[in-house]
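Architecture and fold: a report
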Amino acid sequence: MRRIQKLGYLLLTASLSPRELFQQQAEWLAAARDRLLRRAGIGRRKSILDLGCGPGAVTEELARRCGGTVVALDHRAGAFGEGAGCFGASRCVCGDARRLPFGDGVCDLVFSQFSLLWMDAGAVVPEIARVLRPDGVCVALEPDYGGMIEHPPEIALQQVWVDALTRAGADPCIGRKLPSVFARAGFSVQVDFLDRLFPPAAARYDLLAGLPLTPEEQKTVQSRRAAEEKTPGAEIVVFLPLFLITATKSSAGNGLISDT
Ligand SMILES: C[S@@+](CC[C@H](N)C(=O)[O-])C[C@H]1O[C@@H](n2cnc3c(N)ncnc32)[C@H](O)[C@@H]1O
């Protein structure tokens with residue numbers, strides 16, 4: 001698996017560092033994130049958890065905007081390596097989201113961006129519910145690669161994304177599953193979507209190159225990339241659905257989907 005991944009890196013020439021890639025992704029999502037965080041009342045939130053913070057592409061923004069402290073959590077200690085001063089967070093914690101190393105009801109906002117995709121959401125969301133205070137909010141921006149729209153067909157890579165993410169241990173269709181996962185954990189759930197189409201970002205090839213690609217998939221990616229280079233930009237559509245979730249922990253437990 002590691003050999004395939006290394007080959008993928010070489011052939012697709014990943015030019016940006018993981019932090020730079022995640023920063024680009026964070027920029028792409030800035031407007032949507034701003035809407036969700038404002039709705040969640042970030043300015044008055046005192047205790048925020050950045051769940052699966054990775055190299056901290058959003059941590060600093062959370063720290064700047066909140067009215068209290070931010071704890072950045074990731075299960076890979078190496079994720080914090082590139083950040084000076086813990087990306088502006090009060091604390092960086094190395095821990096597993098399935099067993100959060102915090103007491104009950106200590107957070108009032110949990111933030112996740114492209115993180116639940118990599119986790120066992122069925123185990124993590126009840127943990128989020130446990131550490132949140134009543135009326136605390138979880139804001140999650142998570143993709144659904146199963147719903148990708150690409151045009152023209154010569155540039156389509158949806159199947160490669162789905163297969164490679166699955167092979168890497170992620171759930172590529174996590175977006176569509178999250179509303180019910182949050183509702184079952186006692187949250188009231190609101191789901192929004194991106195309100196506009198963005199030009200396709202070349203950085204997505206670098207993200208793809210970081211996944212364990214088979215030699216066959218590497219060839220497919222190269223030929224799709226070559227086709228994209230020959231296609232006028234205005235003719236290209238690459239749309240990745242993002243589930244923009246605001247999940248409020250309600251004492252009544254009235255979620256989107258009723259168990260009765
Ligand atoms: C794609 S990165 C997202 C980084 C960041 N949220 C962002 O938007 O730039 C997903 C992160 O989740 C972390 N992760 C995956 N499973 C985890 C778990 N069970 N507990 C804690 N962190 C986990 C990974 O180490 C990785 O850094």
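Up top is the structure these notes are about.
Residues numbered from 1 in each chain as written. Predicted model: local features only at pLDDT ≥ 70, side-chain atom pairs only at ≥ 80, totals over all residues.

**Some points on the overall build of the protein**
Within the protein, the secondary structure is distributed over nine helices and nine strands. Within the protein, buried positions represent 41% of all 260 residues. Counting only contacts in the protein whose residues sit at least 6 apart along the sequence, the fraction spanning at least 24 positions is 76%. (Helix = DSSP H or I, 4+ residues; strand = E, 2+ residues; numbered from the N terminus. Buried ≥ 20, exposed ≤ 12 C-beta atoms within 10 Å, placed from the backbone. Contact = placed C-beta atoms within 7 Å.)

**Some details on helix 2 (residues 18–28)**
Within helix 2, the full set of buried residues consists of Leu21, Phe22, Gln25 and Ala26. The arc enclosing the buried residues of helix 2, seen along the axis, measures out at 140 degrees, which places them on a common side. Considering only its buried residues, helix 2 is in contact with helix 3 (30–39) and helix 8 (203–209). (Arc of directions from axis to C-beta.)

**Topic: helix 5 (residues 121–131)**
Listing the buried residues of helix 5 in full gives Ala121, Val124, Val125, Ile128, Ala129 and Val131. In the core, the buried residues of helix 5 are packed alongside strand 1 (47–51), strand 4 (107–113), strand 5 (132–143), helix 7 (174–184), strand 7 (187–192) and strand 9 (242–249).

**Points about the environment of Tyr205**
With respect to the helices and strands, the residue Tyr205 is situated in helix 8. The spacing of Tyr205 and Val221 is 16 residues in sequence and 8.1 Å in space, taken between C-alpha atoms.

**Observations regarding the sheet that holds strand 9**
With mixed pairing, seven strands are arranged side by side in an open sheet as 3-2-1-4-5-9-7. The sheet terminates laterally at strand 3 (91–94) and strand 7, the two strands that pair on one side only. Direction aside, the axes of adjacent strands within the sheet are offset by 20 degrees on average. Bridge count between strand 7 and strand 9: six bridges; the pairing is antiparallel. Looking at the pairing, Phe187 lines up with Lys249 of strand 9. (Pairing = 2+ DSSP bridges. Axes fitted to C-alpha atoms, helices over the stretch in contact; angles between N-to-C directions.)

**Looking at unusual backbone geometry**
Peptide bonds are trans in most cases, and residues, glycine excluded, mostly fall at negative phi. For the peptide bond that leads from His151 to Pro152, omega is 0 degrees, which places it in the cis range. Here the phi dihedral of Phe87 falls at roughly 55 degrees; this positive angle occurs in a residue that is not glycine. Tracing the backbone shows Phe87 in the loop between strand 2 (69–74) and strand 3.

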